[in-house]
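# Residue-level structure breakdown
What follows is each chain in one-letter form.
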Amino acid sequence: MPRSFTWRWYLCVCAVIAAVYNVVPWDPAKAVIATVVNGSAVPAIIVGVRRLRPAVRWPWYALAVQVALFTAGDITYWVQTVVLRRDVFPSVADLFYLPCNMLLIAALLGFVRARRRGWDRAGLLDAAILSTGAGMLAWLYLIVPYAREGDLTLLGRAVSLAYPLLDLLALAMLLRLTIGSGRKPPAYRLLVVGTVTLLVTDVAYTLLELAGNYAAGGVMDVGWMVAHTMMGATALHPTMAGVSQTAAAAPAGMIGTRRMLALAGASLMAPLVLTIEWLRGDNLDVPVIVGGCVVLFLLVMARLQGVVQLLAAALDTAQTQARTDQLTGLANRRLFHSRWERELGDEGGPTALLYVDLDGFKAVNDTLGHETGDAVLEAVADRIRQIVRAGDLVARLGGDEFAVILPGAGDEDAGRVATRIVEAVAEPIPVRGVPVAVGASVGVIVAPPGADPEIEMKRADTAMYAAKAAGRGRVSHAAAP
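Residues numbered from 1 in each chain as written. Predicted model: local features only at pLDDT ≥ 70, side-chain atom pairs only at ≥ 80, totals over all residues. Heavy atoms only, no water.

## Let's talk about the overall build of the protein
Check the secondary structure of the protein and you find 16 helices and nine strands. Taken against the 2.2 N^0.38 rule, which gives 23 Å for 481 residues, the C-alpha radius of gyration of the protein at 36 Å runs more than 25% over that of a compact globule. Projecting the C-alpha coordinates of the protein onto the three principal axes gives extents of approximately 110 × 60 × 30 Å. Taking all 481 residues of the protein together, 47% fall into the buried category. Counting only contacts in the protein whose residues sit at least 6 apart along the sequence, the fraction spanning at least 24 positions is 75%. Of the roughly 23400 Å² that the protein leaves accessible, carbon and sulfur atoms contribute 65%. (Helix = DSSP H or I, 4+ residues; strand = E, 2+ residues; numbered from the N terminus. Rg over C-alpha atoms; globule rule 2.2 N^0.38 Å. Buried < 20%, exposed > 50% of the residue type's maximum accessible area, 1.4 Å probe, protein only. Contact = heavy atoms within 4.5 Å. Areas by Shrake-Rupley, 256 points an atom, 1.4 Å probe, with all protein chains shown as cover.)

Here's what the structure looks like:
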């Protein structure tokens, strides 16, 4: 049989056997069928691990031992109730069932650790919020009824409370597994559906047991068979190795619509529980409800902090991109004009402006290509940046044109900076091991406070063209207005 079809045959065979379980009237036969179906997941998981060799194996083996313990507990329970006709609680079967739930939690935690790279604070907080909301409902319908059950011994009460608490922890691990980024192959989905089926069946069993309506051999037992069968099919599925494949954590602020609705619903669980208790006329569990509200509030605030940080970072990035030339990292034309207008509007000293245009750049682009041209522009930007002072502004106006604002600089100081720029740009620029030669023509002006920014820009542009007309690779000073 091709390995890609093994999991399907396994599901089909187990489904047929489980269907027979519902029509067989004899309890011993039901016990055998349940044992076979549940226990079959153990060899299925082991075979799947050895065939498909996932990177992290111990969670799979923990899952196999979990199923084995559940099957052992089932055998013990059937012998106790069918053969010995003794339905007592707690019993020897609980010695298998309780560790079984603990191993399920360990296996899910193992898958979480295998899939997550780094801390993933957002996923952890989301899982904690959802688990706390579910815990409020579990307190109302599962924990409190057992805590107030008068017919139970102290040991029986402790064991009864342990089951919903362990299921709640397993739910928290499952939520942690399903929340976040990473591949979700078919095997992953089988595992999630199987675990959800197991937890839903556990909750349904607890509710029936509280009402005194559970009877071994009923439809409820099929839920456990389906859950364990899907776990076995998960290990046999060709994509099972993808379940433990590592993925990077999602950004802390990423919240989809469905997750937002789930988080909102979980946050409303405390007032919902309070309303239900009030409508039912029960004694209000004020300390528990207040505690749940406080925990949910703190978790939601911590989650919102991540959202706010992401929004602030996105806003900062957007502002930076709006002001920065993407190629060179210099100020762009928008930021240049804003700064130029501000400098001329200040009541201070004069402001110098250098208008830089590269010589021979078009030939570089045409003959060596745009990638080389971009590398030249980046190198020129870096050289100019290293020459100017800390408070000066270097901007790329577009193409091969640059501008430098020198606040407080006079004509002589501006001329020295312009000369250094011409000399620096004239040095050959190595691009992929090949020297590329360009030059720079610089127009220099000094504008007084209150001058018109547009007129001064035209003066600088005219001075730059005068430098080009005079032979290029030189500095030209504009006459005073």
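There's plenty left to go through after this.
## A short note on the packing of aromatic side chains
A complete count under the given rule lists five aromatic pairs for this structure. An angle of 75° between the planes, with centres 4.9 Å apart, marks the rings of W60 and F111 as edge-to-face. Residue W60 is located in helix 3 (residues 58–83), and its partner F111 is located in helix 4 (residues 94–115); the two are separated by 51 residues in the primary sequence. Relative accessible area serves as the criterion here: at 0%, W60 is assigned to the buried category. Overall, F111 belongs to the buried group, its relative accessible area being 1%. Taken together, a centroid distance of 6.5 Å and an interplanar angle of 10° make the contact between F336 and W340 stacked. (Phe/Tyr/Trp six-rings, centres within 6.5 Å; stacked < 30°, edge-to-face > 60°.)

## A word on the pairing of strand 4 (residues 393–398)
For strand 4, a buried count of five out of six residues is recorded, marking the element as mostly surrounded by other parts of the structure. Connecting the antiparallel pair strand 4 and strand 5 (residues 401–407) is a turn made up of two residues, with G399 showing a positive phi of about 55°. (Pairing = 2+ DSSP bridges.)

## What to know about the sheet that holds strand 4
Taken in spatial order, the five strands line up as 4-5-3-8-9 in an open sheet, and their pairing is mixed. Single-partner strands in this sheet number two, and they are strand 4 and strand 9 (475–477). Strand-to-strand twist of the sheet, defined as the mean angle between neighbouring strand axes without regard to direction, takes the value 20°. The pairing of strand 3 (residues 351–359) with strand 5 spans seven bridges and is classified as antiparallel. Among the inter-strand pairings, Y355 is bridged to a residue of strand 5, identified as A403. Lying on the sheet, helix 14 (residues 370–387) is in contact with strand 3, strand 4 and strand 5; it crosses strand 5 at an angle near 10°. (Axes fitted to C-alpha atoms, helices over the stretch in contact; angles between N-to-C directions.)

## Examining unusual backbone geometry
Positive phi is not limited to glycine here, since R432 has a value of about 55°. Within the element layout of this structure, R432 appears in the loop between strand 6 (429–431) and strand 7 (434–436). According to the relative accessible area criterion, R432 is exposed, its value standing at 62%. A positive phi is found at R472, a non-glycine position, where the angle reads about 65°. Its location among the elements puts R472 in the loop between helix 16 (453–469) and strand 9.

## Section: the pattern of salt bridges
Charged atoms that come close allow side chains of opposite charge to pair. Overall, the coordinates contain ten salt bridges when judged by the stated rule. A salt bridge links D325 to R396, with the nearest nitrogen and oxygen atoms 3.3 Å apart. Residue D325 is found in the loop between helix 11 (286–323) and helix 12 (333–345), and its partner R396 is found in strand 4; the two are separated by 71 residues along the sequence. Comparing D325 with R396 shows no difference in burial state: the two are buried. Close ionic contact of D392 with R389 constitutes a salt bridge, the shortest N to O distance being 2.8 Å. Here the salt bridges do not stand alone but share partners, grouping D357, D359 and K468 into one network. (Salt bridge = Lys/Arg side-chain N within 4 Å of Asp/Glu carboxyl O.)

## Considering the nonpolar core
With 62 residues, the main nonpolar core has I45, W60, L63 and L177 as its most contacted residues. Within the second largest apolar cluster, 34 residues are counted, among which are L358, V376, A418 and V425. (Core = buried A, V, L, I, M, F, W, Y, C linked by side-chain atoms within 4.5 Å.)

## A closer look at the pairing of strand 5
Within strand 5, six of the seven residues are buried, which leaves the element mostly enclosed by the surrounding structure. Where strand 4 and strand 5 come together, five bridges link them in antiparallel fashion. If you follow V394 over to strand 5, its bridge partner there is V404.

## Details of the state of the cysteines
Under the definition given, this model contains zero disulfides. With no disulfide partner, C12 has as its closest neighbouring cysteine sulfur the one in C14, 9.6 Å distant. (Disulfide = S-S within 2.5 Å.)

## Some points on a nonpolar patch on the surface
Taken together, V286, V290, V294, F297, L298, M301 and L304 make up a surface patch of nonpolar side chains, about 640 Å² in accessible area. Relative to the helices and strands, V294 resides in helix 11. (Patch = residues over 30% accessible without salt bridge, like charges linked within 9 Å, V, L, I, M, F, W, Y side chains within 5 Å.)

## A look at the side chain of Q80
Residue placement: Q80 occurs in helix 3. Q80 sits in the buried class, given a relative accessible area of 7%. Q80 has contacts with R85, R86, D87, V88, S91 and V92, leaving out every residue within four places of it along the chain.

## Here we look at helix 13 (residues 361–368)
Because each turn of an α-helix spans 3.6 residues, side chains separated by three or four positions in sequence point in the same direction. For helix 13, every residue scored as buried is listed here: F361, V364 and N365. Along the axis of helix 13, the buried residues cluster in a sector spanning 95°; they form a single face. In this structure, helix 13 carries K362, D366 and T367 as exposed residues pointing more than 90 degrees from its buried face. Lining the buried residues of helix 13 we find strand 3, helix 14 and strand 7. G369, located one to two residues past helix 13, shows a positive phi value of around 100°. (Arc of directions from axis to C-beta.)

## Considerations on the packing of helix 6 (residues 154–178) against helix 7 (residues 186–211)
Packing of helix 6 against helix 7 brings their axes to within 11 Å, and their N-to-C directions diverge by 160°. Our classification of the angle between helix 6 and helix 7 gives roughly antiparallel. Helix 6 and helix 7 meet at a crossing whose hand is left-handed. Side by side, helix 6 and helix 7 meet where D167, A170, L171, L174, L177 and T178 of the first sit next to Y188, L191, V192, T195, V196, L199 and D202 of the second. (Parallel < 35°, antiparallel > 145°, perpendicular 65-115°, else oblique. Left-handed = near helix turned anticlockwise from the far one by under 90°.)

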